[in-house]
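Take a look at the letters that make up each chain.
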Amino acid sequence: MLKTLFTVLLIILCALPAAACFGPKLYIGTPAGEDGELLFHLAAIYLHEKTGVDSTRFEMTGEQSVEQVLQQDQVDLVFSHHAVATRKALLQIGNELWLLSGPRPTDDLQFTTVPRTLKKLQRLLSAEDLSALRQQVAAGVLPATAIRKLYMERSWI
């Protein structure tokens, strides 16, 4: 009986580290198409490498506004081509792109490193970098490949 109890406890303890590999996930709203995919990977790759937080892309339709998807809790973060006074921007690239936040990335303890990490990316990434990435994608480079290459060449990840 004691041997069986010990075996069960050992199995449970061995399974715990494997369960810990599945961490929190953020939902990032983007426009449809290749530019939306580029924007998603811009944030998702950096966040995953620096914080371990995984992200899922939420492709917005033409009828959905930035404020609407945040208010309905469909996304945690959303890219916008304009600032929204009622939402905090965790990332801004020049005067052309904002990554706006819902409450989870700033209030939920499992995401405490996300705002700080995105602010660091903001200091590193310029509007010229974004333009160069868009040109690469237009030339046929996959968005994730172009972004990962930039981040690795500059030792950001």
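Here, every reference points to the structure presented above.
Because the structure is a prediction, the values reported are computed rather than measured.

1. Here's the deal with helix α5 (residues 114–124)
Next up, step 1: Taken together, the buried positions of α5 are Val114, Pro115, Thr117, Leu118 and Leu121. End-on, the buried residues of α5 take up no more than an arc of 165°, which puts them together on one face. Residues Arg116 and Arg123 are exposed on α5 and point more than 90 degrees away from its buried face.

2. Quick look at the packing of helix α2 (residues 33–51) against helix α7 (residues 143–153)
Next up, step 1: For the pair α2 and α7, interaxial distance at closest approach is 8 Å and the crossing angle is 40°. Classified by the angle their axes make, α2 and α7 are oblique. As for how α2 packs across α7, the hand of that crossing is right-handed. Of the residues in α7, those in contact with Glu34, Glu37, Leu38, His41, Leu42, Ile45, Tyr46 and Glu49 of α2 are Pro143, Ala144, Ile147, Arg148 and Tyr151.
Next up, step 2: Classifying every residue of the contact of α2 with α7 gives 8 nonpolar, 1 polar and 4 charged.

3. Focus on unusual backbone geometry
Next up, step 1: Of note in this structure, Asp73 is not a glycine but carries a positive phi near 55°.
Next up, step 2: Take Asp73: it is sitting in the loop between α3 (66–71) and β3 (77–80).

4. Remarks on the packing of α2 against α5
Next up, step 1: Relative to each other, α2 and α5 sit at 120°, their axes nearing to 10 Å. As summarised for this structure, α2 and α5 are arranged oblique, according to the angle between their axes. In this structure, the crossing between α2 and α5 has a hand that is right-handed. Where α2 approaches α5, its residues Leu42, Ala43, Tyr46, Leu47, Lys50 and Thr51 are matched on the opposing element by Val114, Thr117, Leu118, Lys120, Leu121 and Leu124.
Next up, step 2: A breakdown of the residues in the contact of α2 with α5 according to their chemical character gives 8 nonpolar, 2 polar and 2 charged.

The rules behind these values
Residues numbered from 1 in each chain as written. Predicted model: local features only at pLDDT ≥ 70, side-chain atom pairs only at ≥ 80, totals over all residues. Heavy atoms only, no water. Buried < 20%, exposed > 50% of the residue type's maximum accessible area, 1.4 Å probe, protein only. Helix = DSSP H or I, 4+ residues; strand = E, 2+ residues; numbered from the N terminus. Arc of directions from axis to C-beta. Axes fitted to C-alpha atoms, helices over the stretch in contact; angles between N-to-C directions. Parallel < 35°, antiparallel > 145°, perpendicular 65-115°, else oblique. Left-handed = near helix turned anticlockwise from the far one by under 90°. Contact = heavy atoms within 4.5 Å. Nonpolar A, V, L, I, M, F, W, Y, C, P; charged D, E, K, R; others polar.

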